[in-house]
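One-letter residues, chain by chain:
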Amino acid sequence: AQKVTQAQTEISVVEKEDVTLDCVYETRDTTYYLFWYKQPPSGELVFLIRRNSFDEQNEISGRYSWNFQKSTSSFNFTITASQVVDSAVYFCALSEARSGYSTLTFGKGTMLLVSP
Amino acid sequence: SQTIHQWPATLVQPVGSPLSLECTVEGTSNPNLYWYRQAAGRGLQLLFYSVGIGQISSEVPQNLSASRPQDRQFILSSKKLLLSDSGFYLCAWSSGGNTIYFGEGSWLTVV
């Protein structure tokens, strides 16, 4: 069975600090996708990134960066120079590919609080 | 571009009353559709998924049901709500086996 662990329940930082959100996953599939979603106070889940299990290249998008390491089954998310608007719950998720569709297994989320 | 919309955004219902949450997707055809629930504690649980009209699969036994009367319409229902049905319900869609995109969510409080 698949499992996603986000060990950090809540993180508090001051604006402009860098912060890393950890994600560790378990799967027996050889092909899978990893995701990060952001859930602001409004509740909507906003898609941030998807990574293919065959592509371990790290990715940077503005202040966001992701470190995928298959050897340690981790997919960590770093926010550089955090801002108050980054305050949200962040979910890491693992996709189980099935015939014609996929479902997501979510971690329990990490609440990030960025104070001014 | 594709959009997903669900309603109502907020609902307060008494125990034993019926429920109907509706979700529609625009800008794509034959999407995979999903209902997730987020209860207290933030965990997200898959309730139902559908790969086509009239095709519904349930991931967990529960007091809820789902229907897909049209290609881009997905409905979550209950005949008699329980207190434990309270939570945040999210509709989602995907095209094939790719990224899953979520709607705005519906807050349900059963009193």
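Residues numbered from 1 in each chain as written. Chains lettered and ligands numbered in written order. Predicted model: local features only at pLDDT ≥ 70, side-chain atom pairs only at ≥ 80, totals over all residues. Heavy atoms only, no water.

### Some remarks on the nonpolar core
Put simply, the rule is: Nine residue types can take part in a nonpolar core, namely buried Ala, Val, Leu, Ile, Met, Phe, Trp, Tyr and Cys, and a core is a set of them joined through side-chain atoms within 4.5 Å. For each residue, the accessible area found with a 1.4 Å probe, counting protein chains only, is set against the maximum for its type, and the residue is called buried under 20%, exposed over 50%, and partly exposed in between. Working definition: helices are DSSP H or I runs of at least four residues, strands are E runs of at least two. Numbering for both runs from the N terminus.
Residues Trp36, Phe75, Phe77, Tyr90 and Leu112 of chain A are the most contacted members of the largest nonpolar core, which totals 23 residues. When contributions to this core are tallied by element, the ones reaching two or more residues are β2 (10-14), β3 (19-21), β5 (33-39), β8 (64-69), β9 (74-79), β10 (88-98) and β12 (110-115) of chain A. Counting 20 residues, the second largest nonpolar core, distinct from the first, contains Leu19, Val25, Leu64 and Val110 of chain B.

### Some thoughts on the pattern of salt bridges
The line we're drawing: For this analysis, a salt bridge means a side-chain nitrogen from Lys or Arg found within 4 Å of a carboxyl oxygen belonging to Asp or Glu.
Applying the stated rule across the entire model yields six salt bridges over all chains. The residue Arg51 of chain A makes a salt bridge to Asp55 of chain A at a minimum N-O spacing of 3.3 Å. Look at Arg51 of chain A and you get buried, because its relative accessible area is 7%. A salt bridge links Glu26 of chain B to Arg72 of chain B; the shortest N-O distance between them is 3.7 Å. One end of the pair, Glu26 of chain B, is in strand β3 (residues 19-26); the other, Arg72 of chain B, is in the loop between β7 (65-70) and β8 (73-78), with 46 residues separating them in the sequence. Here Glu26 of chain B falls in the partly exposed class, since its relative accessible area comes to 41%. Within this structure, Arg51, Asp55 and Glu59 of chain A form a network of salt bridges that share partners.

### Observations concerning the packing of aromatic side chains
Worth spelling out the cut-off: Pairs were defined over the aromatic rings of Phe, Tyr and Trp, the Trp ring being its six-membered one, requiring ring centres within 6.5 Å. Orientation was assigned from the angle between planes: stacked under 30 degrees, edge-to-face over 60, tilted for the rest.
Under the definition given, this model contains 22 aromatic pairs over all chains. Judged by centre distance (5.6 Å) and plane angle (70°), the ring pair of Phe47 of chain A and Tyr101 of chain B falls under edge-to-face. Of this pair, Phe47 of chain A sits in strand β6 (residues 46-52) while Tyr101 of chain B sits in strand β10 (residues 101-102), which puts the two residues in different chains. Given the relative accessible area of 26%, Phe47 of chain A is considered partly exposed. For Tyr101 of chain B, a relative accessible area of 33% corresponds to the partly exposed category. A ring pair is formed by Phe106 of chain A and Phe102 of chain B, whose centres lie 6.1 Å apart and whose planes are at 65°; its orientation type is edge-to-face. Here Phe102 of chain B lies in strand β10 and Phe106 of chain A lies in strand β11 (residues 101-106), a pairing that spans two chains. For the pair formed by Phe106 of chain A and Phe102 of chain B, the shared burial category is buried. Here the aromatic cluster, defined as three or more aromatic residues joined through ring pairs, consists of Phe35, Tyr37, Phe47, Phe91 and Phe106 of chain A together with Tyr34, Tyr36, Trp93, Tyr101 and Phe102 of chain B.

### Some remarks on unusual backbone geometry
Leaving glycine out, the prevailing phi sign among residues is negative, and the prevailing peptide bond configuration is trans. In this chain, Trp7 of chain B is followed by Pro8 of chain B through a cis amide linkage whose omega measures 0°. Here Pro8 of chain B is to be found in the loop between β1 (3-7) and β2 (10-13). Although it is not a glycine, Lys16 of chain A adopts a positive phi angle of roughly 85°. Within the secondary structure, Lys16 of chain A sits in the loop between β2 and β3. Phi is positive for Ser73 of chain A, close to 50°, though the residue is something other than glycine. Inspection of the secondary structure puts Ser73 of chain A in the loop between β8 and β9.

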